Structure formats: C-alpha cells, structure tokens
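Coordinate analysis (summary)
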Amino acid sequence: MKKNIALVTGGFSGEAVISYRTATTIAANLDASVYNVYKIDINNEGWFYETESGQRTVVDKNDFSLIADGKKILFDAAFIALHGTPGEDGKLQGYFDTLKIPYTSCDAASSAITFNKRYAVAVAKMAGISVARSVHLFSHSPLSAAEVAATLKFPVFVKPNNGGSSIGMSKVDEAGALQSAIDKAFAEDNQVLVEEMVQGREFTVGVFRSKGEITVLPLTEVRAHADKAFFDFEAKYQGKSDETTPAVVSEDIADKIRVAARKIYEVFNLRGVVRIDFIYEEESASPFMLEINTIPGQSVASIVPQQVQSLGWSLKDFYTKLVEEALVS
Ligand SMILES: Nc1ncnc2c1ncn2[C@@H]1O[C@H](COP(=O)(O)OP(=O)(O)O)[C@@H](O)[C@H]1O
Ligand SMILES: [Mg+2]
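Reference entry: report on the structure contained in this document. (Residues numbered from 1 in each chain as written. Chains lettered and ligands numbered in written order. Predicted model: local features only at pLDDT ≥ 70, side-chain atom pairs only at ≥ 80, totals over all residues. Heavy atoms only, no water.)

**Section: the nonpolar core**
In a soluble, globular protein the nonpolar side chains are often hidden away together inside. Counting residues in each nonpolar core, the largest one holds 29 residues, and the members touching the most others are Ile-264, Ile-276, Phe-278 and Met-289. For this core, the secondary structure elements donating two or more residues are helix 4 (117-126), strand 12 (200-210), strand 13 (213-216), helix 8 (251-267), strand 16 (274-281) and strand 17 (286-293). Counting residues per element, this core draws most heavily on helix 8, which supplies seven residues. Leave out the neighbours within four places in its chain, and Ile-264 touches Ile-129, Leu-270, Ile-276, Phe-278, Met-289 and Ile-292. Counting residues in each nonpolar core, the second largest holds 22 residues, with Phe-75, Ala-78, Tyr-95 and Ile-295 among its members. (Core = buried A, V, L, I, M, F, W, Y, C linked by side-chain atoms within 4.5 Å. Buried < 20%, exposed > 50% of the residue type's maximum accessible area, 1.4 Å probe, protein only. Helix = DSSP H or I, 4+ residues; strand = E, 2+ residues; numbered from the N terminus. Contact = heavy atoms within 4.5 Å.)

Quick look at the structure:
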C-alpha cells in the first residue's frame, strides 16, 4: 500500500515565500510510485489542502485529516517544508507528536532550541564548538546601545533572535549606528542578538542521518558580492552571491568543519536534514558556528540540493531516505 505523505508548507512569517519554493522541489521529487503526496498549506488564513482541480478544502486539526474525492485521508508521515514559524520552531513538531504522526524534521525540543539563535550558540559553546561573543536583548528589558557597545567589539551583527533569511538584520561598524539597528531587529522579533563579527571564509553544510549513520554533505563556500556587507536576503535569494559546491578548500579546514558539523548534529540530537552555517576564523584556525537551520531551503537554487547533486545522487533518492527515516522513528 502506498503511504500517505503530507507535504506541509507555507507558514506565518516572511519566509513563507521561500517555503513554497522548497515544497515545489520536494513535490516534484517525492517518489510517486511509493507515496501519495498531499500538499498542505498552513498560513495566516488557515490550514488548507488544494486539490489538483484547484478546490480548497480545510484540514481537520483534530486528527490532521482531510477529505479528497469524498474520502477521508489520514497521514503516515508529514514532510515539513515550512521555514520559520510554525514549521521550524518546534510548534508543528509538538502538534504532530501529540497526534503520533511521524515527521521528517528534528523533534520539538531540538527545533525550538536551534530556532533561538542565542540558545543554539550557548549549547554549542558548552559542547566545545567555537561561537561569536554576543549579547541577548529582550524587548521587556532592553539594554541601551551604549551598554551593548561597552561589552562587544565592533563590527557587530544585529539580528532578530528568532528570525531567518536575514530579514531585519544589520552589520554595524560603530556605536553610533547601533541603536537604529537594534530597533530594526526588534521590529521583527521581541528578542535581538548582537554578535561580534567573525572574520574569515563562510561555509555552510548539510547533515542528515539515515539508517543510524550520519552523513555530512560536501561543503559549500558562500561569498556575498562586493556590494553586500554580508550574506543578506538579496545575496541569498536574488543571486547576489557566489556559492561554490564543493568548496575549494584545504582538507585540513574542511575536516575541522565536518568534525564540528557532526558533533553539532549529535549534541543537539538533530533529525532529518539540517544545514549548519560556519565562519572559518583564520586567526584561531577554527570553525565558528553561526546557526543551525533545521528546515533548510530546498528550492532548485538552494544549497542542500546542490550538495546532494554534487555527490551524483538524485533528489528523489535523497527525499526517499528522509521519509523512510521518519517512518521508522
Ligand atoms: N557573527 C557573525 N560574523 C560574521 N558574519 C556573520 C555573523 N553573523 C551573521 N553573519 C553573516 O550574516 C549571514 C546571516 O546570518 P545568520 O546568523 O546565518 O542568519 P539567517 O538566519 O538570516 O541566515 C551569515 O550567512 C553571514 O554572512
Ligand atoms: Mg544563515
């Protein structure tokens, strides 16, 4: 019997547009001879399934079921293709856990911790992974820009602590520009992370587990174009960056990054495919972890699909591995 897979996409944040692109690639590459795939769009208006004829039906949240062609459909597993909240921060994971529906991503706790950039670097640091020095601000008790400036060395990166896709983020070179950057980040989130800049080459790498074995995919080096201060939204999604996969880098550096990536996957008890961002700091000759993306982009232009294909693997086989892993967990 074919398994019913819910391909869950959309979301409540600005990242929804990216989620739809991710879901398109996954839908095109999920093996239709093994799975019945139903794309479910969770957005601010509701939870919907759209039939091929364009008819929208509402998902029953009591058991995550839907009616298609007059038949009630229940799911064997959910493939989460939803960036940002509620697909990347543990909320859907908690919902699926209560319904005992397996899913392709990390569990609720790991998703929630990694989605909070500050808690993620704190746990990584405890495990011996290098991370940038930072200050964590809350909107209910914000520190002044002067207090932050007194603690950290410039330049700094100011980010919404729970954001993604570089929305609301700034690079700040001197104290005078700090307050407006903090205000901009607070417009996106009620927590803000101010982080010292790590100098060095930037790498990002996909990691997944299948049948008990962790695989670190080939590294990608990312370089924002010269007119970009960092790997921002335009650099990421509007082509203003160069990405090299596999990265052209010495084995010594690549190996340090792979060792760190594997350790992070284990320490955070990750599941499914994740992508970890690093800066390799030349001065200390060590990779610094920036963040963990537990629902990495899977659009045709995204990094994880490039890494998978650079091994000569098909996306179809790769997504099958991820679904099979969810079904046995
Ligand atoms: N501490 C830092 N040092 C140097 N570059 C950084 C730092 N933090 C962020 N960046 C740059 O900004 C980009 C986006 O930051 P990141 O923390 O990965 O957030 P996002 O969720 O938006 O991808 C990174 O890919 C990197 O180019
Ligand atoms: Mg990132």
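**Brief notes about helix 4**
Side chains that are three or four residues apart share a direction in an α-helix, a result of its 3.6 residues per turn. Looking only at helix 4, the buried set comprises Lys-117, Ala-120, Val-121 and Ala-124. Taken around the axis of helix 4, the buried residues stretch over an arc of 95°, which confines them to a single face. Looking at the buried residues of helix 4, the elements they touch are helix 3 (108-115), strand 9 (156-160), strand 11 (191-196) and strand 17. The first or second residue beyond helix 4 is Gly-128, which carries a positive phi of 90°. (Arc of directions from axis to C-beta.)

**Section: the sheet that holds strand 8 (residues 134-138)**
Strand order across the open sheet formed by four strands is 8-11-9-10, with antiparallel pairing between neighbours. Of all strands in the sheet, those with a lone pairing partner are strand 8 and strand 10 (170-172), marking the two edges. Averaged over all neighbouring strand pairs, the angle between strand axes comes to 20°, with direction disregarded. In the sheet, strand 9 pairs with strand 10 via three bridges, with the strands oriented antiparallel. Each bridged residue has a counterpart across the sheet, and for Phe-157 the counterpart in strand 10 is Lys-171. Sheet strands touched by helix 6 (residues 178-186): strand 8, strand 9, strand 10 and strand 11. Its angle to strand 9, the strand with the most contacts, is close to 25°. (Pairing = 2+ DSSP bridges. Axes fitted to C-alpha atoms, helices over the stretch in contact; angles between N-to-C directions.)

**Things to note about the environment of Ala-27**
Its place among the elements puts Ala-27 in helix 1 (residues 16-29). What makes Ala-27 partly exposed here is its relative accessible area of 35%.

**Looking at the coordination of the magnesium ion (ligand 2)**
For the magnesium ion (ligand 2), every protein donor is listed as Asp-277 (OD) and Glu-291 (OE), and the spread of their distances is 2.0 to 2.1 Å. Of this pair, Asp-277 sits in strand 16 while Glu-291 sits in strand 17, and the two are 14 residues apart along the sequence. Note on accessibility: Asp-277 and Glu-291 belong to one class, buried. (Donors = N, O, S within 2.8 Å, 3.2 Å for Na, K, Ca; no water.)

**Regarding the packing of helix 9 (residues 303-310) against helix 10 (residues 315-328)**
Viewed as axis vectors pointing N to C, helix 9 and helix 10 meet at an angle of 110°, and their least axial separation amounts to 9 Å. The angle between the axes of helix 9 and helix 10 places the two elements in the roughly perpendicular class. The two elements helix 9 and helix 10 meet at a crossing, and its hand is right-handed. For the pair formed by helix 9 and helix 10, the contact residues are Val-304, Pro-305, Val-308 and Gln-309 on the first element and Leu-315, Phe-318 and Tyr-319 on the second. For the contact of helix 9 with helix 10, the class distribution of residues is six nonpolar, one polar and no charged. (Parallel < 35°, antiparallel > 145°, perpendicular 65-115°, else oblique. Left-handed = near helix turned anticlockwise from the far one by under 90°. Nonpolar A, V, L, I, M, F, W, Y, C, P; charged D, E, K, R; others polar.)

**Details of the packing of aromatic side chains**
According to the stated counting rule, one finds 13 aromatic pairs in the structure shown. Seen from their ring centres, Trp-47 and Phe-64 are 6.2 Å apart, and the 75° between their planes marks the pair as edge-to-face. A residue pair is termed long-range when its members are at least 10 positions apart, and Trp-47 in strand 3 (residues 46-50) and Phe-64 in the loop between strand 4 (56-58) and strand 5 (66-68) qualify at 17 residues. Trp-47 gets classed as buried once you look at its relative accessible area, which sits at 13%. Classification of Phe-64 as buried rests on a relative accessible area of 0%. With a centroid separation of 4.9 Å and 80° between ring planes, the pair formed by Phe-64 and Phe-96 is classed as edge-to-face. (Phe/Tyr/Trp six-rings, centres within 6.5 Å; stacked < 30°, edge-to-face > 60°.)

**What about the sheet that holds strand 1 (residues 3-10)?**
As summarised here, the arrangement of the five strands in space is 4-3-2-1-7, forming an open sheet in which the pairing is mixed. A strand with exactly one partner marks an edge of an open sheet, and here the two such strands are strand 4 and strand 7 (77-80). Here the average twist between neighbouring strands, direction ignored, is 35°. For strand 1 and strand 7, the ladder comprises four bridges, and the chain directions are parallel. Paired with Val-8 across the strands is Ile-80, a residue of strand 7. Strands in contact with helix 2 (residues 91-99) are strand 1, strand 2 (35-43), strand 3 and strand 7; relative to strand 7, the strand with the most contacts, it is inclined by about 175°. Strand contacts of helix 10: strand 1, strand 2 and strand 7, with the helix running at about 135° to strand 7, the strand carrying the most contacts.

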